[in-house]
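Structure assessment
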Amino acid sequence: MGITICQQQASVVTIQPLNFTTCLEDKCTGLESTLYSQCKLKCLVLCGSLISLNVTSEDLVVREAYCKKSKQIAAVALGFKVTFSTSQDARHENYRLNAGFRHLPYGATAWETVQYQAGAWCPMLQDTNQWIQVTSEIPRKWVAVETQGRNGQNYWVKAYTLEYTLDGITWVKVNNGNLFMANKDQNTPVKQVFLTPIYARAIRLYIKDATPDFACMRFEVYYIE
């Protein structure tokens, strides 16, 4: 059956089902239950059934792009600029996901030994205004954040909020400022996938709940081309 679509005009077409399972795995994995249900429904509507709709050619392009599996690129691992509100020690910059012990300098003190083996970012101030941020030189389509606790110590972040900016001046709260659930132990990574990509130059994570003694974390932020 042929499909004829005039530019900027709607036509009745039969849309063939795309890969619902791929969409579910690629777009919904890691979401908390309510967002997961919304994401699953979107995958079902867009990718999982035969539908007759009034659509434009632009609608079909959007649908094909959404249902196609996208490669997530790890910005922090690639060396994108990372900044933070405060840090207990400059040597705490081993904030990358799965970061491990680092080589100790000759003659290191007991305190320096602990710091060099931190394998995490730990803010100097333990309050809910502390943040860590990844920045791109150009706007990107950000799709997920993954967090992990401090290597070698029982410190981790339990919940956080996210904000993003396109111009470096105006910041917008992700998900209306609602909490994203993070970690329950020091080693298990927890990934939160956004329901729709966020177009921005920078993503900032604010710690909102953590283990009692210290809020420490390793993290990664993912984008797609």
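Now for a quick tour of the structure. (Residues numbered from 1 in each chain as written. Predicted model: local features only at pLDDT ≥ 70, side-chain atom pairs only at ≥ 80, totals over all residues. Heavy atoms only, no water.)

Here we take up the overall build of the chain. The secondary structure content of the chain amounts to four helices and ten strands. If you list the helices and strands of the chain from N to C, you get β-α-α-β-α-β-β-α-β-β-β-β-β-β. In the chain, buried positions account for 43% of the 225 residues. Of the contacts formed within the chain by residues at least 6 apart in sequence, a portion of 79% connects residues at least 24 apart. Accessible surface for the chain amounts to roughly 12,100 Å². Of this, 55% is attributable to carbon and sulfur atoms. (Helix = DSSP H or I, 4+ residues; strand = E, 2+ residues; numbered from the N terminus. Buried < 20%, exposed > 50% of the residue type's maximum accessible area, 1.4 Å probe, protein only. Contact = heavy atoms within 4.5 Å. Areas by Shrake-Rupley, 256 points an atom, 1.4 Å probe, with all protein chains shown as cover.)

Of all hydrophobic cores here, the largest spans 29 residues; its most connected members are Val 134, Trp 142 and Leu 162. Considering every element that reaches this core, the biggest residue donor is strand E9 (residues 190-210), with seven residues. With 15 residues, the next largest nonpolar core counts Leu 24, Cys 43, Leu 97 and Tyr 222 among its residues. (Core = buried A, V, L, I, M, F, W, Y, C linked by side-chain atoms within 4.5 Å.)

For Val 174, the location among the structural elements is in the loop between strand E7 (171-173) and strand E8 (180-181). Overall, the relative accessible area of 8% leaves Val 174 in the buried class. Taking the C-alpha atoms as reference points, Val 174 and Arg 204, separated by 30 residues in sequence, lie 9.9 Å from one another. Filtering out sequence-adjacent residues up to four positions away, Val 174 remains in contact with Leu 162, Glu 163, Tyr 164, Phe 180 and Ile 198.

To continue, consider the pattern of salt bridges. Evaluation of the coordinates by the stated rule reveals one salt bridge. With a closest N to O distance of 3.2 Å, Glu 163 and Lys 173 form a salt bridge. Highlighted residues: Glu 163 in strand E6 (residues 157-165) and Lys 173 in strand E7, separated in sequence by ten residues. The class for Glu 163 is buried, based on a relative accessible area of 12%. (Salt bridge = Lys/Arg side-chain N within 4 Å of Asp/Glu carboxyl O.)

Another aspect to go through is unusual backbone geometry. The general pattern is negative phi for most residues beyond glycine and trans for most peptide bonds. A positive phi angle, near 55°, is found at Asn 175, a position not held by glycine. Counting through the fold element by element, Asn 175 comes out in the loop between E7 and E8. Residue Asn 176 is not a glycine yet carries a positive backbone phi of 60°. Note on placement: Asn 176 falls in the loop between E7 and E8.

On the surface, a cluster of nonpolar side chains totalling about 260 Å² of accessible area is made up of Leu 41, Leu 44 and Val 45. With respect to the helices, strands and loops of the structure, Leu 41 is situated in helix H2 (residues 33-47). (Patch = residues over 30% accessible without salt bridge, like charges linked within 9 Å, V, L, I, M, F, W, Y side chains within 5 Å.)

Moving on to the pairing of E9. The pairing of strand E5 (residues 131-148) with E9 spans twelve bridges and is classified as antiparallel. Residue pairing across strands places Arg 140 opposite Ala 200, the latter belonging to E9. Both E6 and E9 contribute to a ladder of eight bridges, which runs antiparallel. Residue pairing across strands places Val 157 opposite Ala 210, the latter belonging to E9. (Pairing = 2+ DSSP bridges.)

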